[in-house]
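Geometric and topological summary
Each chain is listed here by its residues.
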Amino acid sequence: GGVAEAVAESVAACDPHLRAAMYHNILLVGGNAKMPGYKERVEQEVRSLAPAGYDVRVFLPEEPIEYAWEGARICSNQPGFQERHSVDRATWDLMKKAGRDQHDIWSDKMQPRLHIPSAVSEPVEERKAKELPPEPARVVSQPTKSMPGNTEEVGSVTTPPERSLP
């Protein structure tokens, strides 16, 4: 399969309530994204693979090669990122000795922090039937401890409908 198939398989692997938001916020990054007509082709192919009723949107940033790196840099500089998204060797070894497998270890670390309003998580026809305007996905703020004694809260981020999720 190609890129469109990989996108459709990835979205299908998500929780059902996230799928509409995922199809609505596809972001192309990397050097291939700069090929003429690539965005349009991927959008058309994904639309043909997506279940009926889902609104497919594909975004192409101005600099698709640097975009992923910039997003990773921003995320990794967030307070508490290292603590939430990594495990040191000693902790890993202790968890493995306790009989935990890799999936269990990462499941504990990577708790979902994304809130998808119900209007976005429904197929287009159901949303229109209820006459609800689409709402963007939001990252829900959560207290973090980046340093001992620090309990500052990371602010909520709301993604406008016309922009993609980073």
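Scroll up to find the structure.
First, a word on what this report is: a plain description of the structure on this page. (Residues numbered from 1 in each chain as written. Predicted model: local features only at pLDDT ≥ 70, side-chain atom pairs only at ≥ 80, totals over all residues. Heavy atoms only, no water.)

Right, let's get into the pattern of salt bridges. The full count for this structure, using the stated rule, is five salt bridges. Its salt-bridge partner being Glu45, residue Arg41 comes within 2.9 Å of it at the nearest N-O pair. One end of the pair is Arg41 and the other is Glu45, both in helix H3 (residues 38–49) and four residues apart, which spans about a single turn. A residue is classified by how much of its surface remains accessible, and Arg41, at 54% relative accessible area, is exposed. The partner of Glu70 in a salt bridge is Arg73, and the shortest N-O contact between them spans 2.5 Å. Here Glu70 and its partner Arg73 are both found in helix H4 (residues 64–76), three residues apart, which amounts to about one turn of the helix. Through salt bridges that share partners, Lys39, Glu43 and Arg47 make up one connected network. (Salt bridge = Lys/Arg side-chain N within 4 Å of Asp/Glu carboxyl O. Helix = DSSP H or I, 4+ residues; strand = E, 2+ residues; numbered from the N terminus. Buried < 20%, exposed > 50% of the residue type's maximum accessible area, 1.4 Å probe, protein only.)

Here the structure, examined in full by the defined rule, presents one aromatic pair. Aromatic side chains Tyr23 and Tyr54 sit 5.6 Å apart centroid to centroid with 40° between the ring planes, which places their arrangement in the tilted category. Taken together, the residues span a long stretch of sequence, with Tyr23 in helix H2 (residues 19–24) and Tyr54 in the loop between H3 and strand S2 (58–59) at a distance of 31 residues. (Phe/Tyr/Trp six-rings, centres within 6.5 Å; stacked < 30°, edge-to-face > 60°.)

Grouped together as the largest cluster of nonpolar side chains are 16 residues, with contacts concentrated most on Tyr23, Ile26, Leu28, Val46 and Val56. Put simply, the parts of the chain that give this core at least two residues each are helix H1 (3–12), H2 and H3. Tallying contributions element by element places H1 first for this core, with four residues. (Core = buried A, V, L, I, M, F, W, Y, C linked by side-chain atoms within 4.5 Å.)

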